[in-house]
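One letter stands for each residue in the lines below.
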Amino acid sequence: MVLDDDKPKEACGVFGLWAPGSPVSHTIYLGLFALQHRGQESAGIAVSDGLKIWVDKGMGLVPTIFDDHRLQALQGRAGIGHTRYATTGSSSWANAQPVYGNAAELHFALAHNGNLVNTEDLARELGLGADEFGSDSDVAAALLVRELEGDRTADDHALVSAFARVLPRLKGAFSLVLLADDCLVGVRDPRGFRPLFLGKLEGDGGWVLASETPALDVVGAEVVREVEPGEMVVIDADGVRSLRPSWPETPEPRLCSFEYVYFARPDGYLRGQNVHRVRQRMGEELARQAPADADIVVPIPESSIPGAQGYAHESGIPYVDGFIKNRYIGRTFIAPTQELRRNAVRIKLNPIRDNVAGKRVVVIEDSIVRATTLRETMRMLRQADVAEIHLRVLSPPYRWPCFYGMATTDRSQLIAAELEVDQIREYLGADSLAYLESDAMLRAIDPQDPSGLCTACLTGDYPTPVPS
């Protein structure tokens, strides 16, 4: 059983470091630890000493894969790291990243956040069948290898040039970090679906690339800026330079709106907006849009907590902790019977009966995807003798599959695609149910500029062509 099956799953987190003379692998480890929430299936680190590249990866969480002995074996001047949740390709060691490749006496490692929508077309072009490639990242690496084999100039300049020629052929969402023998590269797709930040270590300590700003904070790097949609940054001994590949379309920002709703850490910043404050504003908007006659406001931990704070502040209804979350349980739990599956939900989340019994409760949730686990959560509240449940959701109904890095490509599994709001309310056993309206969500994300966001999973309006 997957305990978080109500939540959209992120593709991964990426981290890159150029820091000669520093403990590169240990620093990358800390950065990956800060990005662990973006992927818990596998993790990996690749380092370069200028002559060779070493890759170490494994299944599971970052601290269960790497210890000091393994990190000490990864010595270099630069490196990249990755935490993965599978979108294209199965969850297996073979599909763990970084991906390694070599051609024309050049070596590289690649790590990818996002999802390509033309993977199968590219694989056929490479002569690969559906069972001959592991993931879209493998296909991207194979394209780079083929491009390098046609260029016999064996230096990192040739590799960067080859990478720039390959990138315009990739369609969909990608924030990539590439490690070469003697340089580090970061790039975002022309829509900027997934975030990527550039940071600088203190003094002459080096440069950092990361999916989120908290990963820069953890390693003591100052946030310099976001890598722009369609931009390619190259970091080497001469510093940082910016390149623009020849994209077939004009770069146009479309950052995933669910980075604010659920994926990103609340202490991070996206497009200059603090994620925690954005979620509070979502709660405030929801309180104005869908008030409830209730005694307390309760979040379903943890990403809903800021939204519940905002709802309570705007409505004047007291905020109360209604659940205790077990932070030490993994995502999966083997449960062969329905009764054990119900108990598995309680292992992760348990109501505080004295806080909720006899109360009319506004329950705040960030999103509803499949609703199976949420249904059990509502059942637990009923068993804790709540008087009424008024469920409020901090995002609009999730009705359309995502092809840009969330593992929701099967529309039949999305409850809002199959049922109307009142039918969902009845399925969940709530007394009332309301979702935040799209305009209000966008206004909460950025009151000054609510444009430049991808809402395809909510509206069906895809910024780029997607598979039928």
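Only a predicted model underlies this, so the values are computations on that prediction, with no experimental measurement involved.

Quick notes on the rules
Residues numbered from 1 in each chain as written. Predicted model: local features only at pLDDT ≥ 70, side-chain atom pairs only at ≥ 80, totals over all residues. Heavy atoms only, no water. Pairing = 2+ DSSP bridges. Helix = DSSP H or I, 4+ residues; strand = E, 2+ residues; numbered from the N terminus. Axes fitted to C-alpha atoms, helices over the stretch in contact; angles between N-to-C directions. Contact = heavy atoms within 4.5 Å. Phe/Tyr/Trp six-rings, centres within 6.5 Å; stacked < 30°, edge-to-face > 60°. Buried < 20%, exposed > 50% of the residue type's maximum accessible area, 1.4 Å probe, protein only. Core = buried A, V, L, I, M, F, W, Y, C linked by side-chain atoms within 4.5 Å. Salt bridge = Lys/Arg side-chain N within 4 Å of Asp/Glu carboxyl O.

### Things to note about the sheet that holds strand E17 (residues 296-299)
Line of reasoning, step 1. Strand order in the open sheet formed by four strands is E17-E20-E21-E22, and the pairing between neighbours is parallel. The open sheet has two free edges, formed respectively by E17 and strand E22 (432-435), since each of these has just one partner strand. For this sheet, the mean inter-axis angle between neighbouring strands, taken without regard to orientation, is 20 degrees.
Line of reasoning, step 2. The sheet contact formed by strand E20 (residues 360-365) and strand E21 (residues 388-393) spans six bridges and is parallel. For Glu 365, the partnering residue across the bridge sits in E21 and is Val 393.
Line of reasoning, step 3. Sitting on the sheet, helix H10 (residues 305-315) is in contact with E17, E20 and E21, with an inclination near 165 degrees to E17.
Line of reasoning, step 4. The strands that helix H13 (residues 372-383) touches are E20 and E21; relative to E21, the one it contacts most, it runs at about 150 degrees.

### A few points about the packing of aromatic side chains
Given two aromatic rings, one states the distance between the centres and the angle between the planes to describe the pair.
Line of reasoning, step 1. By the definition in use, this model includes seven aromatic pairs.
Line of reasoning, step 2. Ring centres of Phe 174 and Trp 247 lie 6.1 Å apart, and the angle between their planes is 40 degrees; on these two criteria the pair is classed as tilted. Of the two residues, Phe 174 sits in strand E7 (residues 172-180) while Trp 247 sits in the loop between strand E13 (239-243) and strand E14 (255-256), which places them 73 residues apart along the sequence.
Line of reasoning, step 3. When its relative accessible area of 0% is taken as the criterion, Phe 174 is described as buried.

### A closer look at the pairing of strand E10 (residues 207-210)
Looking along a regular strand, one sees side chains alternate from face to face of the sheet.
Line of reasoning, step 1. Residues Trp 207 and Leu 209 of E10 are buried on one face, and the alternating residues Val 208 and Ala 210, pointing to the opposite face, are buried as well.
Line of reasoning, step 2. Pairing of strand E1 (residues 12-18) with E10 involves four bridges; the strand directions are antiparallel. Bridge pairing links Trp 18 to Trp 207 in E10.
Line of reasoning, step 3. As judged from the four bridges shared by strand E9 (residues 197-201) and E10, these two strands associate in the antiparallel manner. In the strand pairing of E10, Leu 198 is matched with Leu 209.

### A word on the nonpolar core
Line of reasoning, step 1. Phe 15, Phe 258 and Met 282 are the most contacted members of the largest nonpolar core, which totals 72 residues.
Line of reasoning, step 2. Membership of the second largest hydrophobic core comes to 34 residues, among which are Val 160, Phe 163, Val 185 and Val 234.

### Considering the pairing of E13
Line of reasoning, step 1. Bridge analysis of strand E12 (residues 232-236) against E13 gives five bridges, and the strand direction is antiparallel. Residue pairing in the sheet places Val 233 in a bridge with Ser 242 of E13.

### Describing unusual backbone geometry
Line of reasoning, step 1. The residue after Gln 97, namely Pro 98, is reached through a cis peptide bond having omega 10 degrees.
Line of reasoning, step 2. Looking along the chain, the bond that leaves Pro 301 and enters Glu 302 is cis, with omega of 0 degrees.
Line of reasoning, step 3. Within the element layout of this structure, Glu 302 appears in the loop between E17 and H10.
Line of reasoning, step 4. For Asp 385, which is not a glycine, the phi torsion comes out positive at approximately 70 degrees.
Line of reasoning, step 5. Along the chain, Asp 385 falls in the loop between H13 and E21.

### Remarks on the pattern of salt bridges
Line of reasoning, step 1. In total, this model carries 26 salt bridges according to the counting rule given.
Line of reasoning, step 2. For Glu 147, the salt bridge identified is with Arg 165, shortest N-O distance 2.7 Å. With Glu 147 in helix H5 (residues 136-149) and Arg 165 in helix H6 (residues 156-166), this residue pair connects regions lying 18 residues apart in the sequence.
Line of reasoning, step 3. The class of Glu 147 is partly exposed, set by a relative accessible area of 24%.
Line of reasoning, step 4. We note a salt bridge from Glu 259 to Arg 194, for which the minimum N-O separation is 3.0 Å. Of this pair, Glu 259 sits in helix H8 (residues 258-263) while Arg 194 sits in the loop between strand E8 (184-188) and E9, placing them 65 residues apart in sequence.
Line of reasoning, step 5. Glu 259 gets classed as buried once you look at its relative accessible area, which sits at 0%.
Line of reasoning, step 6. Given the relative accessible area of 0%, Arg 194 is considered buried.

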